[in-house]
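So the chains spell out like this:
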Amino acid sequence: MSNKRVAYFYDYDIGSFYYATKHAMKPNRIRMAHELILGYGIYKKMEIYRPHRSSISEIQRFHSKEYVDFLSKVNPFNEEEYEEEKYLYNVGQDCPIFENMFEFSQISAGGSVAGAIKLNNNLADIAINWAGGLHHAKSKQASGFCYINDIVLGILELLKFFPRVLYIDIDIHHGDGVEEAFYKTDRVMTCSFHKYGDGYFPGTGNIKDTGLDNGKYYSVNYPLLDGIYEKEYIEYFKKVINGINLCFRPSAIVMQCGADSLAGDRLGCFNLQIKGHGKCVSFVKELGVPLLILGGGGYTPKNVAKCWTYETSLLTNVSDLPEKLPETEYTSYFGENGNLLELDIKTTHIDKNTKRYLEETYAELSQNLRVIKGAPSVRMELAPHNNLIKNYEFIEKEFVEEKLPDVRIHPIIFNKLIQANNEFEEDLDYDLKYFLQMNSQYTETTLKKEPIFNFDDIKNEKALFPITNNEKVVLKRSYAFDTRNQVEETHEINPNSRNQNENQENLVKKRRTNLSKTLPSQNQEGTKKPIDK
């Protein structure tokens, strides 16, 4: 089994947010999972990043300006001034107003977008953001404990480079917000396995909901009844995903791993065990497609932390973990005899999913998938300079050593400097320095001498682990999102529209005639992105 490059996004502040007294959502479960990941040593198999807080303009790529403005301004001390807006945006009951609510959403969205950027630039095979997966949020409305839909934002980022994205949801609740966003496009296929019927939230996800217009048959829903066990769940999960993989041929996958489908969940009614839940993740991983893994629901915190820790070990190929939990700051909470694969609350629900029902549901889904005549195709064009982020491999070029000895530039950025031979004759030095100054967040800089550019913000970078190499200080950032390209305010995403930046000309317009002889080819892998037909 080949090892995958795994990028892991975590912000320690995520565990400090608190929805409300007796509220089911406990963000501290993410910190609990992180502590177990550290305790088991799984972190050694990953690159760990602190995600940026998504900016308002970044969030507005999907959410409306008015809704985002409201979220950014309202707080527990002034909410009485926003009674009308609270009703309009469905905020106040299931989605309470709590302190630093918007910052919580920014962290969640930032991790998912940053993970997508890693995959876009081939800097990771798998990206993990357990703080993400908030799949109920709509363009202009909060829903189901979710305010900002980080999943939609992550998929939009992936669509800049990948022709087709598959979204898989194993949360017990239907992923209605994501399905609604991409209901009319064939660029994204959504697939949800969820409890349906008896007034169960959110009430959507009927097998007949298959999409509209270009997106007809690109929404796949497998509605389940109470009490399904992991044997049957995994059997039909594999059948459906195999069918989708054959007809849709996804170029990237986003998987929401809500742990409320586990037995004993406070709001759930399935009978899955941690190993069974993990088998779904392992199966998707083995498809060999760039994979963005996100969290989601899960309202028995001990079970959630154990489940996501176990699945992180599967994604990093860390085998034979001791079942006894390691010593962490939560040892007393888990109990001295805590077991990784043992659910905290042992309850079972009567299984109402008959073999006939499961077979008939699968047969109908298979019939819908057969209607799809091959994977949809898109045109390709050169990607703009945005979203280029640092890599860990450097290139040695004589003129870089001579002109900028303190800076090493990734080949993708070099490619952006290339012009045709004999096109320009003027000085390269000024142009290259100007380009780097304008794009410094996309380069990795080793500080051996006094830096050429102003990197004072290095002092403010929070490192999860101390720097042990005294000879080299590395500025690590996960943020590389160009907020200049925005999508018009709308209720749903239309990937067919391309709001190209009017100023997408290369920043550097003057070259030496022999520059292209010393640089890599412009057809560097990772410099192309798809657009719709």
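Shown above is the structure to which this text applies.
The present account deals with the structure reproduced in this document. Just so you know, these numbers come straight off a predicted model, no measurement behind them.

Some thoughts on the packing of aromatic side chains
And step 1. On inspection of all chains with the given rule, the structure shows 22 aromatic pairs.
And step 2. Where Phe-9 meets Tyr-49, the ring centres are 5.4 Å apart and the plane angle is 25°; that geometry is what we call stacked. Of the two residues, Phe-9 is situated in strand 1 (residues 6-9) and Tyr-49 in strand 2 (residues 47-49); the sequence distance between them amounts to 40 residues. Across the pair, Tyr-49 and Phe-9 agree in class, each one buried.
And step 3. Arranged with centres 5.5 Å apart and planes meeting at 65°, the rings of Phe-17 and Phe-104 form a pair that is edge-to-face. Separated by 87 residues along the polypeptide, Phe-17 in the loop between strand 1 and helix 1 (28-40) and Phe-104 in helix 5 (residues 101-120) bring together distant segments of the chain. Both residues of the pair, Phe-17 and Phe-104, count as buried.

Some words on the pattern of salt bridges
And step 1. One pass over the structure, following the stated rule, counts 18 salt bridges.
And step 2. Arg-5 serves as the salt-bridge partner of Asp-125, at 3.2 Å between the closest nitrogen and oxygen. Note that Asp-125 is positioned in the loop between helix 5 and strand 3 (126-129) and Arg-5 in the segment before strand 1, a separation of 120 residues in sequence.
And step 3. With a relative accessible area of 24%, Asp-125 lands in the partly exposed category.
And step 4. Take Arg-5: its relative accessible area is 37%, and that puts it in the partly exposed class.
And step 5. Notably, a salt bridge pairs Asp-344 with Lys-302, separated by 3.6 Å at the nearest N-O pair. Here Lys-302 lies in helix 10 (residues 301-315) and Asp-344 lies in the loop between helix 11 (331-334) and helix 12 (355-371), a separation of 42 residues in the sequence.
And step 6. Assessed through its relative accessible area of 16%, Lys-302 is described here as buried.

Focus: the side chain of Ser-108
And step 1. Locating Ser-108 in the fold gives a position in helix 5.
And step 2. Aside from chain neighbours lying at most four places away, what touches Ser-108 is Asn-129, Ala-131, Gly-132, Leu-134 and Asp-150.

Things to note about the sheet that holds strand 4 (residues 165-169)
And step 1. Overall, parallel pairing links the 8 strands, which are arranged 2-1-3-8-7-4-5-6 in an open sheet. On the outer flanks of this sheet lie strand 2 and strand 6 (219-224), each paired with one strand and no other. Each adjacent strand pair in this sheet contributes to an overall mean axis angle of 15°, direction not counted.
And step 2. Pairing analysis gives 3 bridges linking strand 1 to strand 3, with the strands arranged parallel. Across the sheet, the residue bridging to Val-6 is Ile-126, located in strand 3.

Focus: the packing of helix 1 against helix 10
In a packed pair of helices, the relevant descriptors are the angle between the two axes and the axis-to-axis distance.
And step 1. Contact geometry of helix 1 with helix 10 gives a least axis separation of 8 Å together with a crossing angle of 45°. Considered as vectors, helix 1 and helix 10 are oriented oblique to each other. Judged by the twist between their axes, the crossing of helix 1 over helix 10 is right-handed. Facing helix 1, whose interface residues are Arg-29, Ile-30, Met-32, Ala-33, Leu-36, Ile-37 and Tyr-40, helix 10 presents Pro-301, Lys-302, Val-304, Ala-305, Lys-306, Trp-308, Thr-309 and Thr-312.
And step 2. Among the residues forming the contact of helix 1 with helix 10, the class breakdown is 10 nonpolar, 2 polar and 3 charged.

So, the pairing of strand 8 (residues 291-294)
And step 1. Because side chains alternate across strand 8, one face comprises the buried residues Leu-291 and Ile-293, and the other comprises Leu-292 and Leu-294, equally buried.
And step 2. Two elements, strand 3 and strand 8, share 4 bridges in a ladder whose sense is parallel. Bridge pairing links Asn-129 to Leu-294 in strand 8.
And step 3. With 4 bridges joining them, strand 7 (residues 252-256) and strand 8 adopt parallel strand pairing. Paired with Ile-253 across the strands is Leu-291, a residue of strand 8.
And step 4. This β-α-β element, strand 7 to helix 9 (residues 274-285) to strand 8, shows right-handed connectivity.

Details of the side chain of Ser-143
And step 1. Looking at where Ser-143 falls in the secondary structure, it is placed in the loop between strand 3 and helix 6 (150-158).
And step 2. The exposure class of Ser-143 is buried, given its relative accessible area of 7%.
And step 3. Apart from residues no more than four positions distant in its own chain, Ser-143 is found in contact with Asn-90, Cys-95, His-136, Ala-137, Lys-138 and Phe-201.

Quick look at unusual backbone geometry
Keep in mind that most residues, glycine aside, have a negative phi and that most peptide bonds are trans.
And step 1. With an omega dihedral of 0°, the bond running from Phe-201 to Pro-202 counts as a cis peptide bond.
And step 2. With respect to the helices, strands and loops of the structure, Pro-202 is situated in the loop between strand 5 (188-195) and strand 6.
And step 3. Positive phi, close to 60°, is recorded for Asn-100, a residue that is not glycine.
And step 4. Mapped onto the elements of the fold, Asn-100 is located in the loop between helix 4 (83-88) and helix 5.
And step 5. The class for Asn-100 is partly exposed, based on a relative accessible area of 42%.
And step 6. Positive phi is not limited to glycine here, since Asp-320 has a value of about 55°.
And step 7. With respect to the helices and strands, Asp-320 occurs in the loop between helix 10 and helix 11.

Scoring rules and cut-offs
The residue count restarts for each chain, going from 1 along the sequence in the order it is written. Totals for whole chains, interfaces and linings use all residues, but because this is a predicted model, local features are given only for residues with pLDDT of at least 70 and pairs of side-chain atoms are given and counted only at 80 or more. Think of the side-chain values as coming from all heavy atoms in the structure, minus any hydrogens and water. Here a Phe, Tyr or Trp ring, Trp counted by its six-membered ring, pairs with any other such ring whose centre lies within 6.5 Å, and the pair is stacked when the planes are under 30 degrees apart, edge-to-face when over 60, and tilted otherwise. Secondary structure elements follow DSSP: runs of H or I no shorter than four residues count as helices, runs of E no shorter than two count as strands, and numbering proceeds from the N terminus. Only protein chains enter the accessibility calculation, which uses a 1.4 Å probe; a residue is then buried when its area is under 20% of its type maximum, exposed when over 50%, and partly exposed in between. Here a salt bridge means any side-chain nitrogen of Lys or Arg lying within 4 Å of a carboxyl oxygen belonging to Asp or Glu. Throughout, a contact is declared for two residues whenever any of their heavy atoms are within 4.5 Å. What makes two strands pair is DSSP finding at least two bridges between them. The convention used is that axes are lines fitted to C-alpha atoms, helices contributing only their stretch in contact, and that angles between N-to-C directions extend from 0 to 180 degrees. When an angle is under 35 degrees it counts as roughly parallel; over 145 it counts as roughly antiparallel; between 65 and 115 it counts as roughly perpendicular; any other value is oblique. For any helix crossing, the convention is left-handed if the near helix is rotated counterclockwise from the far helix by under a right angle, and right-handed if that rotation is clockwise. Just so you know the grouping, Ala, Val, Leu, Ile, Met, Phe, Trp, Tyr, Cys and Pro go in nonpolar, Asp, Glu, Lys and Arg go in charged, and all remaining residues, Gly too, go in polar. Look down the strands so they point away from you; if going from the first strand over the helix to the second traces a clockwise path, that crossover is right-handed.

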